[in-house]
Amino acid sequence: MDPRGATQAGLLGLKALTLSDDEVKSTARAAAKEMDAEATLAPASNAYSKRLKKVFGKHQNDNGLPLNYAVYLTKDVNAFAMADGTVRVYSGLMDMMGDDELRFVIGHEIGHVYHGHSKEKLKTAYATAAARQGVAAAGGTAGRLAAGQLGALGQAVINAQFSQAEEKQADQYGLEF
């Protein structure tokens with residue numbers, strides 16, 4: 001048994017149990033800052049940014065959450081919202097959709113934030129990391145697998161998607177949005 005690894009597992013497990021909304025927002029802010037630095041953001045003068053402002057100009061706040069919209073210039077088709085109010089839309093998605101469709105997709109993504117799905121995913125990520133660290137600390141064959149690439153793959157699969165119930169909630173929110 002690796003005492004340091006076991007302690008780390010315990011701390012991760014505690015974090016999963018005690019994660020606050022402020023911590024989730026802080027994590028989202030840091031992630032958004034990093035992602036924005038790596039992406040090509042459309043400047044305010046860009047046609048995509050102008051369209052996004054036209055479509056979402058009146059939606060600057062959603063249920064007390066200030067929203068921060070921006071466009072990533074990429075052919076990829078995606079959009080996401082984060083717990084701090086970060087909303088990012090990929091230009092590839094905007095090329096495929098009309099304004100009403102775009103409003104629904106963004107509303108859907110904001111719905112995940114509103115219903116706390118993002119927080120639950122982060123809690124699950126901490127809990128999964130704690131379990132993986134705990135198994136790795138125990139040693140033996142299971143410990144080596146948990147510490148290696150197979151453990152990382154398993155952790156990624158567990159944390160990969162929202163459930164059907166969460167998607168349905170987000171869809172309903174998107175329709176209302």
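Model, not experiment: these values are computed from the prediction.

**Q** Would you mind going over the pattern of salt bridges in detail, with residue names and values included?
**A** Under the definition given, this model contains four salt bridges. Among the ionic pairs, Asp36 bridges to Arg88, the shortest N-O distance being 2.8 Å. Of this pair, Asp36 sits in helix α2 (residues 21-38) while Arg88 sits in strand β5 (residues 86-90), placing them 52 residues apart in sequence. If you follow the salt bridges from partner to partner, you end up with Arg51, Lys54 and Asp99 in one network.

**Q** How would you explain the pairing of strand β3 (residues 68-72) if you had to name every residue and give the values?
**A** For β3, a buried count of four out of five residues is recorded, marking the element as mostly surrounded by other parts of the structure. Of the strand pairs in this sheet, β3 and β5 are connected by five bridges, and their pairing is parallel. Residue Ala70 lies in a different strand from β5, and its bridge partner there is Arg88.

**Q** Any chance you could break down the sheet that holds strand β4 (residues 79-81) for me, citing the residues and the numbers?
**A** For sheets, the rule is that strands pair by backbone hydrogen bonds, running either parallel or antiparallel. With mixed pairing, three strands are arranged side by side in an open sheet as β3-β5-β4. Two strands bound the open sheet, and with one partner strand each, they are β3 and β4. Between one strand axis and the next, the sheet turns through 15° on average, direction left out of account. Pairing geometry for β4 and β5, over three bridges, is antiparallel. When the bridges of β5 are listed, Ala79 appears paired with Val89. Its contacts with the sheet place α2 against β3, β4 and β5, and it is angled at close to 30° to β3. Together, β3 and β5 form the strand contacts of helix α3 (residues 47-56), whose direction differs from that of β3 by roughly 145°.

**Q** Outline the packing of α3 against helix α5 (residues 99-114), supporting the account with residue identities and numerical values.
**A** Packing of α3 against α5 brings their axes to within 10 Å, and their N-to-C directions diverge by 75°. Overall, the two elements α3 and α5 adopt an arrangement that is roughly perpendicular. Residue-level contacts link Arg51, Lys54, Val55 and Phe56 of α3 to Asp99, Leu102, Arg103 and Ile106 of α5. Split into classes, the residues belonging to the contact of α3 with α5 amount to four nonpolar, no polar and four charged.

**Q** Which residues make up the environment of Thr86, and what values do they have?
**A** Note that Thr86 resides in strand β5. When the C-alpha positions of Thr86 and Leu67 are compared, they lie 6.0 Å apart, and in sequence the two are 19 residues distant. Each residue touching Thr86, except ones within four places of it in the same chain, is listed here: Ala32, Asn68, Phe80 and Ala81. A distance of 2.9 Å separates the side chain of Thr86 from the side chain of Asp84, its partner in a polar contact.

Calculation rules
Residues numbered from 1 in each chain as written. Predicted model: local features only at pLDDT ≥ 70, side-chain atom pairs only at ≥ 80, totals over all residues. Heavy atoms only, no water. Salt bridge = Lys/Arg side-chain N within 4 Å of Asp/Glu carboxyl O. Helix = DSSP H or I, 4+ residues; strand = E, 2+ residues; numbered from the N terminus. Buried < 20%, exposed > 50% of the residue type's maximum accessible area, 1.4 Å probe, protein only. Pairing = 2+ DSSP bridges. Axes fitted to C-alpha atoms, helices over the stretch in contact; angles between N-to-C directions. Contact = heavy atoms within 4.5 Å. Parallel < 35°, antiparallel > 145°, perpendicular 65-115°, else oblique. Nonpolar A, V, L, I, M, F, W, Y, C, P; charged D, E, K, R; others polar. Polar contact = N/O pair within 3.5 Å; in protein donor to acceptor, adjacent residues only side chain to side chain.

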